[in-house]
Amino acid sequence: MPMDEQQDKDFLAQVAYDDAAALNTRDHIQEHYGSHSQSWYRWVSAHLHARPGMRWLDMGCGPGHLWWRERAHLAAGSKVLLTDLSSGMVAAARHNLDGAGPAFSFTVADSEALPLAAQQFDAVMALGLLDHLPRRAESLAEVRRVLQPGGFFYASAGGRRHLQELERAVQPFLPDVTYGGSAAAFGIENGMAQLEPFFRHVALYLYEDELLFREVEPVVAYVCSEARVGRRLHGELLAAFEAHVATMLADEGVIRVTRQKGLFAAQL
């Protein structure tokens, strides 16, 4: 996929992430086919410096999966503002957290120009967001602006091996497709260098997992959940890809897909 499309705001907000369907598909598959002892969201939650009464900002919140799954672990008195460039994602997050109480509020916002007052948050989240931002420095400057002194910023990223097996499987059919975001833009290999100019301390925690597939359907569903793939992989091309996956399973018995992710924890 061309880099400009991956970082194009209109494409991201109106096509790739106009609603939660694709992210829900990927989240379901990762939860049911992963082999890690902890789910991704439970693991992330366990690495947060959370305490009662904190004020949180989630940039690029998507459907609010982290907060929906981990709401029982939210420290007492915490307040969370969920924001996303996509109004469809904000609507999905609001729906998922309906009834969760006054701890959660929602708004559509661009991370490069947050419509928020300075120094009002104790922590800011950006899970799977920074690799989509062509002007990351502007968004990181906004994070600094809205954080209290000593506040924390959490950003997740993939590594170069993230979903590499899916990429190899689909490229004979769509040679320009890459999977797992853009580790070259912001990943576990280069994220530290990008964050250190903005924060006094940055740590990286690694999450290594494998998705284990013994059926064709979840592999195809995961691949087609990417907007740039689902729009092009159909008809005879889709049938050929399904046959290719079936052959891989017949030959190997299981398809193993690497999940190589990390969580940066940075302090202002």
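Our subject is the structure that appears above.
Computed from a prediction, not measured in an experiment: that's the story for all the values here. In this convention, every chain numbers its residues from 1, walking through the sequence in written order. The predicted nature of this model means local features are confined to residues of pLDDT at least 70 and side-chain atom pairs, given and counted, to a pLDDT of 80 or more, with totals for whole chains, interfaces and linings taken over all residues. As a rule here, side-chain values cover all heavy atoms of the structure and leave hydrogens and water aside.

S.K.: Quick question: what am I supposed to make of the packing of aromatic side chains here?
M.R.: Centre distance and the angle of the planes are the two values used to describe a pair of aromatic rings. Geometry of aromatic contacts follows a simple scheme: Phe, Tyr and Trp rings, the Trp one being its six-membered ring, pair when their centres are within 6.5 Å, and the pair is stacked under 30 degrees between planes, edge-to-face over 60, tilted otherwise. Taken as a whole, this structure holds ten aromatic pairs when the rule is applied. Plain terms: the ring middles of Trp 56 and Trp 67 are 5.7 Å apart, the flat faces sit at 65° to each other, and that makes the pair edge-to-face. Note that Trp 56 is positioned in strand E1 (residues 55-59) and Trp 67 in helix H5 (residues 65-70), a separation of eleven residues in sequence. Using a relative accessible area of 6% as the deciding quantity, one classes Trp 67 as buried. Aromatic side chains Phe 152 and Tyr 154 sit 6.0 Å apart centroid to centroid with 15° between the ring planes, which places their arrangement in the stacked category. Each member of the pair, Phe 152 as well as Tyr 154, is classed as buried. In this structure an aromatic cluster arises from ring pairing among Trp 56, Trp 67, Phe 152 and Tyr 154. For a Lys NZ or an Arg CZ to count as sitting over a ring, it must be within 6 Å of the ring centre and within 35 degrees of the ring normal. Sitting above the plane of the Trp 40 ring, Lys 261 keeps its charged end 3.9 Å from the centroid. Under the scheme used here, helices are H or I runs from DSSP no shorter than 4 residues and strands are E runs no shorter than 2 residues, and both carry numbers assigned from the N terminus. Only protein chains enter the accessibility calculation, which uses a 1.4 Å probe; a residue is then buried when its area is under 20% of its type maximum, exposed when over 50%, and partly exposed in between.

S.K.: Looking at this structure, how should I read the packing of helix H10 (residues 216-224) against helix H12 (residues 235-252)?
M.R.: Think of two packed helices as two axes; the pair is described by the angle between the axes and how far apart they sit. Fitted lines through C-alpha atoms give the axes, limited to the stretch in contact for helices. The angle between two N-to-C directions lies from 0 to 180 degrees. Running from N to C, H10 and H12 cross one another at 135°; their axes reach a closest spacing of 10 Å. On the basis of the axis angle, H10 is oblique to H12. H12 is crossed by H10, and the crossing has right-handed handedness. The residues of H12 that touch H10, namely those facing Val 216, Val 219, Val 220, Val 223 and Cys 224, are Leu 238, Phe 241, Glu 242, Val 245, Ala 246 and Leu 249. Classification convention: Asp, Glu, Lys, Arg as charged; Ala, Val, Leu, Ile, Met, Phe, Trp, Tyr, Cys, Pro as nonpolar; all other residues, Gly among them, as polar. In terms of residue class, the contact of H10 with H12 is made up of ten nonpolar, no polar and one charged. For classification purposes, an angle smaller than 35 degrees is called roughly parallel, one larger than 145 roughly antiparallel, one from 65 to 115 roughly perpendicular, and anything else oblique. Two helices cross in a left-handed way if the nearer one is turned anticlockwise from the farther one by less than a right angle. They cross in a right-handed way if the turn is clockwise. We call two residues in contact whenever any of their non-hydrogen atoms come within 4.5 Å of each other.

S.K.: What should I look at first to understand the pairing of strand E3 (residues 104-108) in this one?
M.R.: A regular strand carries its side chains on alternate faces of the sheet. When strand E2 (residues 79-84) meets E3, the two strands line up parallel, connected through five bridges. Paired with Leu 82 across the bridge in E3 is Phe 106. Two strands form a pair only when DSSP identifies at least two bridges running between them.

S.K.: Would you mind showing me how to read the environment of Ala 183 here?
M.R.: Looking at the element boundaries, Ala 183 is found in the loop between helix H8 (164-170) and helix H9 (191-195). What makes Ala 183 buried here is its relative accessible area of 13%. Expressed as a C-alpha distance, the spacing of Ala 183 and Arg 160, which sit 23 residues apart in the sequence, is 5.8 Å. In this structure, Ala 183 is in contact with Gly 158, Gly 159, Arg 160, Glu 189 and Asn 190, ignoring residues within four places of it in sequence.

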